[in-house]
Amino acid sequence: MAAGSFTLYGAAIEGIARGLIDLDGHSFKGLLATSSYTPNAATHDELADITNELAGGDYARVTLTGVAVTRSGTTVKFTSDPVDFGADVTLTAKYLVLYDDTHAADALLGYVDLNTGGGSASSTDGPFEVSPDGTNGWFTMAPAA
């Protein structure tokens with residue numbers, strides 16, 4: 001599914017800089033939130049800050065697979081396999097949120113708006129999968145130009 005760009009939470013940037021979030025060694029999970037969730041990259045720090053997560057039915061949080069940190073020149077990329085919520089599910093969500101499941105407080109990493117046109121993304125008895133950007137992964141880090 002095509003989605004908007006990945007937004008890092010401010011606490012994730014700090015956690016990566018301080019070595020509290022190990023992109024190459026921790027376990028990460030993805031969750032889906034409804035359009036009633038209002039992301040706040042400046043103040044949302046941990047899983048407890050997420051409101052309006054999907055619940056019940058075909059929905060369950062997903063562990064990221066194929067997590068990789070790669071470097072090309074001065075650019076470092078964080079990526080994974082697509083986040084697959086199922087092949088035959090009925091779901092409607094506005095945001096994919098990634099978090100560090102190894103971190104004591106389940107530190108938030110970042111989120112993606114699944115429909116930048118204003119609506120939500122949905123699936124009715126079909127697949128619901130969110131892929132990182134093919135070139136940049138979930139996000140890249142590079143020195144300022």
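Residues numbered from 1 in each chain as written. Predicted model: local features only at pLDDT ≥ 70, side-chain atom pairs only at ≥ 80, totals over all residues. Heavy atoms only, no water.

Undergrad: If you had to explain the overall build of the protein chain to someone new, which residues and values would you point to?
TA: Along its length, the protein chain carries one helix and 12 strands. Rg of the C-alpha trace for the protein chain: 15 Å, near the compact-globule value of 15 Å for 145 residues, within the 12% margin. Seen along its three principal axes, the alpha-carbon backbone of the protein chain occupies a region of about 40 × 30 × 25 Å. Classification of the 145 residues of the protein chain by burial places 37% in the buried group. Within the protein chain, contacts between residues separated by at least 24 positions form 71% of all contacts whose residues are at least 6 apart in sequence. Carbon together with sulfur atoms contributes 46% to the accessible area of the protein chain, which is approximately 7,200 Å² in total. In the protein chain, the 6 positive side-chain charges and the 18 negative ones have mean positions that sit 7 Å from each other. (Helix = DSSP H or I, 4+ residues; strand = E, 2+ residues; numbered from the N terminus. Rg over C-alpha atoms; globule rule 2.2 N^0.38 Å. Buried < 20%, exposed > 50% of the residue type's maximum accessible area, 1.4 Å probe, protein only. Contact = heavy atoms within 4.5 Å. Areas by Shrake-Rupley, 256 points an atom, 1.4 Å probe, with all protein chains shown as cover. Lys, Arg positive; Asp, Glu negative; His and termini not counted. Charge placed at Lys NZ, Arg CZ, Asp CG, Glu CD.)

Undergrad: Now, about helix H1 (residues 10-17): what can you tell me, with residues and values included?
TA: Here H1 has its buried residues at Ala12, Gly15 and Ile16. The arc that holds every buried residue of H1, seen down its axis, measures 100°, which confines them to one face. Contacts made by the buried residues of H1 are with strand S1 (6-8), strand S9 (108-113) and strand S12 (139-141). Of the residues one or two after H1, Gly19 is the one with positive phi, at around 80°. (Arc of directions from axis to C-beta.)

Undergrad: Could you give an account of the sheet that holds S1, naming the residues involved and the relevant values?
TA: The antiparallel open sheet is built from five strands, whose spatial order is S1-S9-S8-S2-S3. In the strand order of this sheet, the two ends are held by S1 and strand S3 (62-63), each with one partner. (Pairing = 2+ DSSP bridges.)

Undergrad: Can you break down the sheet that holds strand S4 (residues 68-72) residue by residue, with the values?
TA: On the basis of which strands lie adjacent, the open sheet formed by three strands has the order S4-S5-S12 and antiparallel pairing. The open sheet terminates on both sides in strands that have one partner only, identified here as S4 and S12. On average, each strand axis in the sheet is inclined to that of its neighbour by 25°, with strand direction left out of account. Note: S4 against strand S5 (residues 75-79), five bridges, orientation antiparallel. Each bridged residue has a counterpart across the sheet, and for Ala68 the counterpart in S5 is Thr79. (Axes fitted to C-alpha atoms, helices over the stretch in contact; angles between N-to-C directions.)

Undergrad: Describe in detail the environment of Leu96, supporting the description with residues and values.
TA: Checked against the element boundaries, Leu96 lands in strand S8 (residues 95-100). Residue classification places Leu96 among the buried positions, given a relative accessible area of 0%. Setting aside anything within four residues of it in sequence, one finds Leu96 in contact with Gly30, Leu31, Leu32, Val83, Phe85, Gly110, Tyr111, Val112, Leu114, Val130 and Trp138.

Undergrad: Any details on the pattern of salt bridges? Residues and values, ideally.
TA: If charged atoms from side chains of opposite charge come close, those side chains can pair. Inspection of every chain in the model, using the stated rule, returns four salt bridges. Note that Arg18 and Glu14 form a salt bridge whose closest N and O atoms lie 2.9 Å from each other. Residue Glu14 is classed as partly exposed on the basis of its relative accessible area, which comes to 42%. A salt bridge links Lys94 to Asp113, with the nearest nitrogen and oxygen atoms 2.9 Å apart. (Salt bridge = Lys/Arg side-chain N within 4 Å of Asp/Glu carboxyl O.)

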